[in-house]
Amino acid sequence: MSNTFLKEFKSIWLTATAHFFFTLHPSCPTCPPLSCCDCLAHTCRRKKELKARTVWLGCPEKCEEKYPRNAIKNQKYNIFTFVPGVLYQQFKFFLNLYFLVVACSQFVPSLKIGYLYTYWAPLGFVLAVTMVREAVDEVRRYQRDKEMNSQLYSKLTNQRIPADMIFLRTTEKNGACFIRTDQLDGETDWKLKVAVSCTQRLPALGDLFSISAYVYAQKPQLDIHSFEGNFTREDTDPQIHESLSIENTLWASTVVASGTVIGVVIYTGKETRSVLNTSYAKNKVGLLDLELNRLTKALFLAQVVLSIVMVALQGFVGPWFRNLFRFVVLFSYIIPISLRVNLDMGKSAYGWMIMKDENIPGTVVRTSTIPEELGRLVYLLTDKTGTLTQNEMIFKRLHLGTVSYGTDTMDEIQSHIVQSYAQSQAAAPKVRKSVSSRIHEAVKAIALCHNVTPVYESRAGVNGETESAEADQDFSDDNRTYQASSPDEVALVRWTESVGLTLVNRDLTSLQLKTPSGQILTFYILQIFPFTSESKRMGIIVREESTGDITFYMKGADVAMASIVQYNDWLEEECGNMAREGLRTLVVAKKSLSEEQYQDFENRYNQAKLSIHDRALKVAAVVESLEREMELLCLTGVEDQLQADVRPTLELLRNAGIKIWMLTGDKLETATCIAKSSHLVSRNQDIHVFRPVSNRGEAHLELNAFRRKHDCALVISGDSLEVCLRYYEHEFVELACQCPAVVCCRCSPTQKAQIVRLLQQHTANRTCAIGDGGNDVSMIQAADCGIGIEGKEGKQASLAADFSITQFKHIGRLLMVHGRNSYKRSAALGQFVMHRGMIISTMQAVFSSIFYFASVPLYQGFLMVGYATIYTMFPVFSLVLDQDVKPEMALLYPELYKDLTKGRSLSFKTFLIWVLVSVYQGGILMYGALVLFESEFVHVVAISFTALILTELLMVALTIRTWHWLMVVAEFFSLGCYVASLAFLNEYFDLSFITTRAFLWKVCAITLVSCLPLYIIKYLKRKFSPPSYSKLSS
């Protein structure tokens, strides 16, 4: 591109969009950064109403409204709010607030128990780690925002579009360009966008600045697949009015994949489609965290009760309230501050292990706070297309009504096509009599009725830009790829190529097909009606160049096409047959139009497209006037192949006690067939198909009929589901939960998320949702644990999920192995950390009881800090490497998973056992030291503290089920650190005493009494009442 062109282009771009686009640069003087007062005022103000707008090209003075800045802001805090914000986020939780109050109490002389650093050092460490982590994340967010907001755009080529625009002009000769929308809707296929024809036809770029024109745009909306607007040019006679639709838009966050585009900005900042559709996922909290939080509150209650008992035994004498608070501070180690740190570090370790597992390559942990949830799941809600199936379509069946062709008879179709074009160089015969002519007509319809564009690798042009001239393109089959928004359409076009009719070229106005003999047939595109989820069909009107014949082709779902095509007696039956084979069906039809019919239609259609109110309804009404008595040509069947190892994976999950629900937007027959072929529903299992219901009475009758069935899978449509949930929500969910499998077809994304929430509310069990497309995001975010598959439909589900996998079969190992280990390890780690706090609090209670209930600390200063950190931290944390069952055993016996869902590893029963162990050991350690000491109190401290450290190390060894070499290293390293530190602890210990034999035998005796009974109990329990997994291991 020449410098003159770039300068001219830049001036037009910046001037034409100045009144909208100036906010892209953060240094703009008109857009100062928001102050705290502004933020407060903004928060208090009512939400600004979104309005339609008129945008003038090159006339910013005509813009009276003010619109949002186009700056991206992902930061949580600013320089003033960072510290208060982080502290609030930390201290809004009971645990941290409790420790803050305890630490602050040490500034009051009458409440002071020990050294300040004993309380402030652990709290400061926790806060410092949190602040550093938040600061690093915040700096990264700031740098990303700054980089994006500092970009100035003069042209868009292979860049993310910064704001929502109307596409005015392109360097591509056909007036269209491709964009990639993977970050907007999750779809990987390229989309074709069309420039406004009025501005594309202008002779030079400079004319954009000289014309008097404006764009009218509807108010900003959520829907990324629709847009209504008008382009008006005033300086011509008559004025030029052109309707604008979704094909004329370039939404923010999409990428221009071909050519260079020029556009006018219509929506910025918070009003862009991408920002409006940004759903902020809820902060997910794991069930284990909630259970530990309840136990923490129980410990706090026990701490308060113990303090009250101590004061009561004193007789409430003197300033008893002050003494009560001193006892609360003394026993504060009952609730360990290291609990949260250990668990968070453990979760990070589990995430690292998952991502490093070579058996599930490509797995990514995006939410590191809930790995234990993988071990507690009861319901798995899965998408069908792209999740259970590969989303790779293969053409399998063509049915003409009287004759059907499968994969083994495709060569017959090819010979008919060759014969048909050999007989006549013109189009197909108008009177369809022979099978050959009917096949020819059907294949031609499939080759024409689609949105597929053939793409060729072009030779490099000037400055690396691609030139579209045919001379520079290689039309060979090897060089051609097809781009479309649906893999079904690509499969159909590839099939027509395989039987001899090849799509070789397509632009906005024409299609070119190559016959078996190499002849090129040209068809002019007069109108195209894209597929929508509401209409469930797409159509195209073409004029054949050689004959001038105008034909309206249409294809769509059988439910939509049944009422459009002429009467026939085979369509419904054959659709059912193909669906039972697991094929996705499309009905293809045509209608020949005269010139007069088409002109009348075009006038009415253009008029409807220019209307501002109810445009969609008016356009649909005009199109429907054509969709009458169409000639049925054929029925196609395309197969979506199952993912690798879907059957054994579903069987594994079912044996693990996980109930599987399949939620899909596909039709009932296809969904039922995939459920059978994937073994979601076993062959000998009954299936209850819930009949369509539309009112309360019908729903009541159908629910009663369903209630009489036992042990059968349920298949229900989205419409019937909605009626049942409106009138009989509780009854329906109760019945559905008893089914071994449930299939919900014709489900919208909103319904998928609603089903997840219903299961959470009515069963209180943990749910997992797995999907691969943008339509699964709401379900994934609503579930307790969301898993995304990086598939053909893009990365949107993968990015929104808590865990991302590359294949469905990986979910088996993710749940059976990593879910089990994460839950078991966290349960053991959490309870052991609490045990570590309870044992020292028990010793403090015994000590205070014997010494006249004095609120004096047993251990002070570094002893308390060292006990919670360097002396015991590494062995305790090494529990994250423990495993009760080998991975192979967990996968071979998935029934072991059922025990996890009952939550027996962390319950009030196991917690009570640890409380009793702590009380026993704390009592033995303290009483033993008091009984065995001879002369000085400092000897009590030395004996009891050393025995305490040894007891904790031995208890870690008792808890471990499978040894790892790092566990052994951690045990000896901690013991070595303690022995080495004795030389520096002369402030607390008598060094001459701890080197004597008396010290050693007393410590060994106390430690033996505290630990040996527990080892004996563990041995007897394993011998006479072993856990299920140990039976399998033996």
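Scroll up a little and you will see the structure.
So, a few notes on the structure that sits alongside this text. (Residues numbered from 1 in each chain as written. Predicted model: local features only at pLDDT ≥ 70, side-chain atom pairs only at ≥ 80, totals over all residues. Heavy atoms only, no water.)

1. Examining the overall build of the chain
Note the following rule: Numbering of helices and strands runs from the N terminus, with a helix taken as a DSSP run of H or I at least four residues long and a strand as a DSSP run of E at least two residues long. Summary of the burial criterion: residues with accessible area below 20% of their type's maximum are buried, those above 50% are exposed, and those between are partly exposed, where the area comes from a 1.4 Å probe applied to protein chains only. Contacts are residue-level and defined by heavy atoms, with any inter-residue pair within 4.5 Å sufficient. For accessible areas, the Shrake-Rupley method is used with a probe of radius 1.4 Å. Any residue's cover is judged against the shown protein chains and nothing else.
Looking only at helices and strands, one finds 38 helices and 30 strands in the chain. Within the chain, buried positions represent 52% of all 1034 residues. Partitioning the contacts of the chain with sequence separation of at least 6, the portion at a separation of at least 24 is 74%. For the chain, the exposed surface amounts to about 47,200 Å²; the carbon and sulfur share of it is 57%.

2. Focus on the packing of helix 24 (residues 718-727) against helix 26 (residues 749-763)
Selection criterion: Only C-alpha atoms enter the line fits that serve as axes; for helices the fit covers just the stretch in contact. Angles between N-to-C directions range over 0 to 180 degrees. In what follows, roughly perpendicular refers to angles from 65 to 115 degrees, roughly parallel to angles under 35, roughly antiparallel to angles over 145, and oblique to any angle outside these ranges. Crossings are classed by handedness, with left-handed meaning an anticlockwise turn of the near helix from the far one by less than a right angle and right-handed meaning a clockwise turn.
Contact geometry for helix 24 and helix 26: axes closest at 12 Å, N-to-C directions at 40°. The angle between helix 24 and helix 26 falls in the class oblique. Where helix 24 crosses over helix 26, the two elements pack in a sense that is left-handed. Facing helix 24, whose interface residues are Gly718, Leu721, Glu722 and Leu725, helix 26 presents Gln751, Gln754, Ile755 and Leu758.

3. Some points on the sheet that holds strand 7 (residues 240-244)
Counted only if it meets this: Pairing between strands requires that DSSP locate at least two bridges from one strand to the other.
The strand order across the open sheet built from 4 strands is 1-5-6-7, with neighbouring strands paired in antiparallel fashion. What marks the edges here is a single partner per strand, and that holds for strand 1 (53-56) and strand 7. In this sheet, adjacent strand axes meet at a mean angle of 20° when their direction is disregarded. By the bridge criterion, 5 bridges tie strand 6 (residues 229-233) to strand 7 in an arrangement that is antiparallel. The residue bridging Gly229 from the neighbouring strand is Leu244, located in strand 7. Those strands touched by helix 19 (residues 595-610) are strand 6 and strand 7, and its axis lies near 80° from that of strand 7.

4. Quick notes on the packing of aromatic side chains
Definition in use: Here a Phe, Tyr or Trp ring, Trp counted by its six-membered ring, pairs with any other such ring whose centre lies within 6.5 Å, and the pair is stacked when the planes are under 30 degrees apart, edge-to-face when over 60, and tilted otherwise.
Inspection of the entire model under this criterion finds 29 aromatic pairs. Ring centres of Tyr871 and Phe945 lie 6.2 Å apart, and the angle between their planes is 70°; on these two criteria the pair is classed as edge-to-face. Residue Tyr871 is located in the loop between helix 30 (862-868) and helix 31 (873-877), and its partner Phe945 is located in helix 35 (residues 937-959); the two are separated by 74 residues in the primary sequence. The same class applies to Tyr871 and to Phe945, which are both buried.

5. Examining a nonpolar patch on the surface
Our working rule: To count toward a patch, a residue needs a relative accessible area above 30% and no salt bridge. Like charges then connect within 9 Å, nonpolar side chains (Val, Leu, Ile, Met, Phe, Trp, Tyr) within 5 Å. For this analysis, a salt bridge means a side-chain nitrogen from Lys or Arg found within 4 Å of a carboxyl oxygen belonging to Asp or Glu.
Together, Tyr115, Tyr117, Phe862, Ile870, Phe874, Trp965, Leu966, Val969 and Phe973 give the surface a local cluster of nonpolar side chains, amounting to about 840 Å² of exposed area. The element best represented in the nonpolar patch is helix 36 (residues 965-981), accounting for 4 residues. As for its position among the elements, Tyr117 is in helix 6 (residues 116-149). For Tyr117, a relative accessible area of 38% translates into the label partly exposed.

6. Remarks on the side chain of Ser905
Within the element layout of this structure, Ser905 appears in the loop between helix 33 (897-901) and helix 34 (908-932). Leaving out residues up to four positions away in the same chain, Ser905 has contacts with Tyr823, Lys824, Ala827, Gln831 and Thr910.

7. Here we look at the nonpolar core
Note the following rule: To qualify as a nonpolar core, a set must consist of buried Ala, Val, Leu, Ile, Met, Phe, Trp, Tyr and Cys residues joined through side-chain atoms within 4.5 Å.
Judged by nonpolar contacts, the single largest core of 90 residues is most densely connected at Leu653, Ile787, Phe803, Phe808, Ile811, Leu814 and Leu815. Per-element accounting of this core gives the leading share, 12 residues, to helix 29 (residues 810-850). Not counting residues within four places of it along the chain, the set of residues in contact with Leu814 comprises Ile354, Ile360, Thr363, Leu374, Ile787, Phe803, Ile805 and Gly819. Within the second largest apolar cluster, 42 residues are counted, among which are Ile446, Leu511, Ile525 and Ile540.

8. As for the side chain of Gln751
If you trace the backbone, Gln751 turns up in helix 26. Those residues in contact with Gln751, other than ones at most four positions away along the chain, are Gly718, Glu722 and Arg746.

9. Describing the pattern of salt bridges
Counted under the stated rule, the structure contains 28 salt bridges. In this structure, Glu441 engages Lys590 in a salt bridge whose closest nitrogen and oxygen atoms are separated by 3.5 Å. Placement of the pair is Glu441 in helix 15 (residues 435-448) and Lys590 in strand 22 (residues 583-593), with a sequence separation of 149 residues. Judged by its relative accessible area of 12%, Lys590 falls in the buried class.

10. Side note on the sheet that holds strand 28 (residues 766-771)
Pairing within the open sheet is mixed, and its 9 strands lie in the order 11-30-29-28-12-24-27-26-25. The open sheet has two edge strands with one neighbour each: strand 11 (364-365) and strand 25 (687-689). Of the strand pairs in this sheet, strand 26 (residues 713-717) and strand 27 (residues 741-745) are connected by 4 bridges, and their pairing is parallel. Within strand 27, the residue paired with Leu714 across the bridge is Val742. Where helix 24 meets the sheet, it contacts strand 26 and strand 27, and its direction lies at approximately 95° from that of strand 26.

11. Some remarks on helix 14 (residues 410-423)
The line we're drawing: A helix is expected to reach a length of 1.5 Å times the quantity of its residues less one. Here the arc refers to the directions that run from the helix axis out to each C-beta atom.
Compared with an ideal rise of 1.5 Å per residue, which puts 14 residues at 20 Å, helix 14 spans 20 Å between its outermost C-alpha atoms and is within 8% of the ideal. Met410, Ile413, His416, Ile417, Ser420 and Tyr421 are the residues of helix 14 that are buried. Seen end-on, helix 14 carries its buried residues on one side only, within an arc spanning 120°. Of the residues in helix 14, the exposed ones pointing more than 90 degrees away from the buried face are Asp411, Ala422 and Gln423. If you follow the buried residues of helix 14, they end up packed against strand 13 (389-399), strand 14 (404-405), helix 15, helix 16 (487-498) and strand 19 (520-529).

12. Brief notes about helix 23 (residues 696-707)
Helical periodicity: at 3.6 residues per turn, an α-helix aligns residues three or four positions apart in one direction. What counts is decided by this rule: Polar contacts here mean pairs of N or O atoms no more than 3.5 Å apart (in protein, one a potential hydrogen donor and the other a potential acceptor; neighbouring residues in sequence count only if both atoms are side-chain atoms).
The terminal C-alpha atoms of helix 23 lie 16 Å apart, and with 12 residues this matches the ideal 16 Å at 1.5 Å per residue to within 8%. Listing the buried residues of helix 23 in full gives Ala699, Glu702, Leu703 and Phe706. With its buried residues spanning 105° around the axis, helix 23 presents them on a single face. In this structure, the buried side of helix 23 is in contact with strand 25, strand 26, helix 24 and helix 25 (729-737). For helix 23, the N-terminal capping position is held by Asn695, with its side-chain oxygen 3.2 Å away from the main-chain nitrogen of Gly697.

13. Here we look at a positive patch on the surface
Operational definition: Only four residue types enter the tally: Lys and Arg on the positive side, Asp and Glu on the negative side, with His and both chain ends excluded. By convention, charge coordinates are those of NZ in Lys, CZ in Arg, CG in Asp, or CD in Glu.
On the surface, Arg580, Arg647, Lys676 and Arg683 cluster together into a positively charged patch. Relative to the helices and strands, Arg647 resides in helix 21 (residues 646-655).

14. Here we look at the pairing of strand 23 (residues 631-642)
For strand 23, a buried count of 9 out of 12 residues is recorded, marking the element as mostly surrounded by other parts of the structure. Both strand 13 and strand 23 contribute to a ladder of 7 bridges, which runs antiparallel. Looking at strand 23, one finds that Ile394 is bridged to Glu639. With 8 bridges joining them, strand 22 and strand 23 adopt antiparallel strand pairing. Along strand 23, the bridge assignment pairs Arg584 with Val638.

15. A closer look at the packing of helix 5 (residues 94-105) against helix 12 (residues 320-330)
Our working rule: Note on residue classes: Ala, Val, Leu, Ile, Met, Phe, Trp, Tyr, Cys and Pro are nonpolar, Asp, Glu, Lys and Arg are charged, and everything else, Gly too, is polar.
Where helix 5 meets helix 12, the closest approach of the two axes is 10 Å, and the angle between their N-to-C directions is 120°. Here helix 5 lies oblique to helix 12, going by the angle between them. Note that helix 5 runs across helix 12; the crossing there is left-handed. Residues Tyr98, Val101, Val102 and Ser105 of helix 5 form the contact with helix 12, whose own contacting residues are Phe325, Val328 and Val329. Among the residues making up the contact of helix 5 with helix 12, the classes are represented as 6 nonpolar, 1 polar and no charged.

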